[in-house]
Each structure stands twice: as C-alpha cells, then as structure tokens.
Amino acid sequence: MIDSKIYGQFTTSWCPGCGNHDVLLALKEALARQGLEPHQFAMVSGIGQAAKIVHYLKCNGFNGLHGRALPPAQALKLANPELKVVVESGDGCSYGEGGNHFLAAIRRNLDITLIVHDNQIYGLTKGQSSPTTMTGHVTKNNPLGMLDQPFNPVAVAVAMRASFVARAFSGLKEHAATTIAAAMEHKGFSLVDMHSPCISFNKVNTFGWYKARCKEASHDPADWAEAMKVATVFGEEIPIGVIYREEKPSKETLLPQCGQGALYRKAVDMGKVAEHMAAYA
Ligand SMILES: Cc1ncc(C[n+]2csc(CCOP(=O)(O)OP(=O)(O)O)c2C)c(N)n1
Ligand SMILES: [Mg+2]
C-alpha cells in the first residue's frame, strides 16, 4: 500500500456531485493498494466527461479519439508488457462508437483493464441517449422516450467468455475500489462496468436509483451458466461485484516477442537492418 497522494490532486471540470469524482477516488485507492507508482501504469481514454480522467491523475496517459481508446491501449501492452494498462471512458465511447473495439478486445484477451463510467447517457454533449439508455427514457434526441432496447455490456462480455467481468457503482466507493483492484490484478482482459451517475443530464438513473437496486451478487463467478443468468438481470435489482471470471492465458503471454520484455529494452541489430535495406537498393 502506498499513499494515494502520489497520483496528484487536480482541478476538474466535472460538475460538483458527479459520479466521476468517486470513480477517480476509487481508482486512486485501487492503484495505491497495488503499490503502483505513476511510472508503472498507463491510462488510456477516448472522448467524453469520463475520458477526462486521464488529465486528473499523475500517470503515463494517452487521450485518444472518441470510441478509439482500446486500440492504442492494446498496442501499449504489446510494446511494453511490463506496464499495467487501464482504459477508462464513457458508455457512449466504449459501447457506441467503440462497440466493435470492445468485442475485439474481449476476443484478443490482452492483459488490460477497461473501466466504463456507465452513466447511461452522453454527458459531455449534454444529454443524448447512449447505448445503455433504458427504453422509455426521454432524452434530448428521443423526446418520445427511447424506443430501442438497451445494450447490456455485462451480458455480452459474459456471453463472449471475457476473462473477467464485473459491475460496480461509484456510490459504493469501497466496493468500487476493491472491484477495480481485482480487475487489475486479474491476468487477461477485464471489464468493470461502473455505474456512475450524471447528475446534470440523467434525471432517471440517479444516485438514489442505483443505491436502491445495487446488491452484491452471490453466485459462483466461475460458473458460466450461472454468470449468464446474473448478467442479464438489470432493473429492479442490479447485481454488482464479480459476475464472471475465467483463468486463461492472456494474449501477450502467448507471443514470443512479448516474452522478452518491453520493446525499448531491445537493441536494434543494425547489421540486419542494413541487410533488409540492401534488398531495396
Ligand atoms: C468521432 C466522434 N464522434 C462523436 C463525437 C462527439 N462526442 C463527444 S463525447 C460524446 C459522447 C460522450 O458520452 P460518453 O462516452 O458516455 O461519455 P460521458 O460524457 O457520458 O462521460 C460524443 C458523441 C466526437 N467527439 N468524436
Ligand atoms: Mg456516458
């Protein structure tokens, strides 16, 4: 355990009372418990209110394009398997525009952690519906109420046998920190779908709404069929905690190139480079 003060204290542009403040605190707590110093991990995000978290933490950071946080994060892990890599972004960024990257990252199973600040709305752009917005929810772009059915990221991840799948709620900070730490310590792709209320643009899924529904799941997360059942529950009750966990080798451990450590440690064989260049002469 180290002092979480080493991750810095920054002024944010989040609204006072936004769930993102609690996610940041939970993340710092999880990092401190793992004894990770700022140079030992990298944070990658896309675009949105959630994605700004990279600016509010002393760390290696990459703030990329909307929906495109996972590709550079996976590249980072391949180039430097010694780094802990954490992706943090919103539900719109991760499941909407980034939806296909989400599916590909689950299949690839590199040892990275994805924490989605799931406020069930587009917060930064001021209140349009996102893939996780519930049916019937009246939003700026759905004045008649959302007609589409919501995307259930946890059920999709379990169905695809993602290595580690969890759901958490920023309002339960201790539980959120423990869940993030467990996800980061797990070897392989880990998802934490973190419900984090947007107090300004989502008046349906409020702190009170989540608090009344979030309950610790009690099934065996190693049992896929049970996990599948629990993953589909979302409504009057929202099961939180580790929903599914499967031990399997993460992709970088199967690649011989990654077994030799970070790329930057390797010397360049200039003789070989000259040989290749000679082929173009
Ligand atoms: C390629 C691209 N498409 C769309 C946008 C506009 N845009 C910026 S943030 C955002 C949605 C943010 O919602 P979410 O990812 O849920 O994050 P939140 O602000 O709710 O934390 C959108 C549509 C953009 N910046 N770039
Ligand atoms: Mg959002």
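Okay, so let's go over this structure. (Residues numbered from 1 in each chain as written. Chains lettered and ligands numbered in written order. Predicted model: local features only at pLDDT ≥ 70, side-chain atom pairs only at ≥ 80, totals over all residues.)

### Focus: the overall build of the protein chain
Piece 1. When helices and strands are counted, the protein chain shows 11 helices and 8 strands.
Piece 2. By principal-axis analysis of the C-alpha atoms, the protein chain measures approximately 65 × 45 × 45 Å.
Piece 3. Every one of the 281 residues in the protein chain was classed for burial, and the buried ones make up 43%.
Piece 4. Sequence-distant contacts, at least 24 apart, represent 69% of the contacts inside the protein chain between residues at least 6 apart. (Helix = DSSP H or I, 4+ residues; strand = E, 2+ residues; numbered from the N terminus. Buried ≥ 20, exposed ≤ 12 C-beta atoms within 10 Å, placed from the backbone. Contact = placed C-beta atoms within 7 Å.)

### Details of the nonpolar core
Piece 1. Within the largest apolar cluster, 63 residues are counted, with the highest numbers of intra-cluster contacts made by Val-158, Ala-162, Val-165, Ala-166, Ile-180 and Ile-243.
Piece 2. Here this core gets 6 residues from one element, more than from any other, and that element is helix H1 (residues 19–33).
Piece 3. Setting aside its immediate chain neighbours within four residues, Ile-243 contacts Val-154, Val-158, Val-165, Ala-166, Arg-167, Ala-217, Pro-221, Ala-227, Val-230 and Ala-231.
Piece 4. The next biggest cluster of nonpolar side chains, apart from the first, holds 6 residues, and it includes Trp-14, Tyr-122, Leu-124 and Cys-198. (Core = buried A, V, L, I, M, F, W, Y, C linked by C-beta atoms within 7 Å.)

### Focus: the sheet that holds strand S4 (residues 113–118)
Piece 1. Read from one edge of the open sheet, 8 strands run S2-S1-S3-S4-S6-S5-S8-S7, paired in mixed fashion. In this open sheet, the two edge strands, each paired with only one partner strand, are strand S2 (60–63) and strand S7 (214–216). In this sheet, neighbouring strand axes are inclined to one another by 20° on average, regardless of whether the strands run parallel or antiparallel.
Piece 2. Judged from the 4 bridges that link them, strand S5 (residues 164–169) and strand S8 (residues 238–245) form a sheet pairing that is antiparallel. The residue bridging Ala-166 from the neighbouring strand is Val-242, located in S8.
Piece 3. Of the strands in this sheet, strand S1 (41–45), S2 and strand S3 (84–90) touch helix H2 (residues 70–79), which is tilted by about 175° from S3. (Pairing = 2+ DSSP bridges. Axes fitted to C-alpha atoms, helices over the stretch in contact; angles between N-to-C directions.)

### Quick notes on the pairing of strand S6 (residues 190–195)
Piece 1. The buried count for S6 comes to 6 of 6 residues, which makes it a mostly enclosed element.
Piece 2. Of the two faces of S6, both are covered, the one formed by Ser-190, Val-192 and Met-194 as well as the one formed by Leu-191, Asp-193 and His-195.
Piece 3. Here S4 runs beside S6; their pairing, made up of 6 bridges, is parallel. Paired with Val-116 across the two strands is Asp-193, which belongs to S6.
Piece 4. Taken together, the 6 bridges between S5 and S6 define a ladder with parallel strand orientation. If you follow Phe-169 over to S6, its bridge partner there is His-195.
Piece 5. For the handedness criterion, the β-α-β arrangement of S5, helix H6 (residues 173–185) and S6 is classed as right-handed. (Right-handed = clockwise from strand over helix to strand, strands pointing away.)

### Some words on the site of ligand 1
Piece 1. Looking at ligand 1, there are 20 residues lining it, with Gly-48, His-66, Gly-90, Gly-92 and Gly-123 nearest.
Piece 2. For the shell around ligand 1, the elements supplying multiple residues, two or more each, are S3 and helix H3 (91–97).
Piece 3. Ranked by the residues each element gives to the shell around ligand 1, the list is headed by H3, at 4 residues.
Piece 4. Here the shell around ligand 1 is composed, by residue class, of 7 nonpolar, 11 polar and 2 charged. (Near = placed C-beta within 6 Å. Nonpolar A, V, L, I, M, F, W, Y, C, P; charged D, E, K, R; others polar.)

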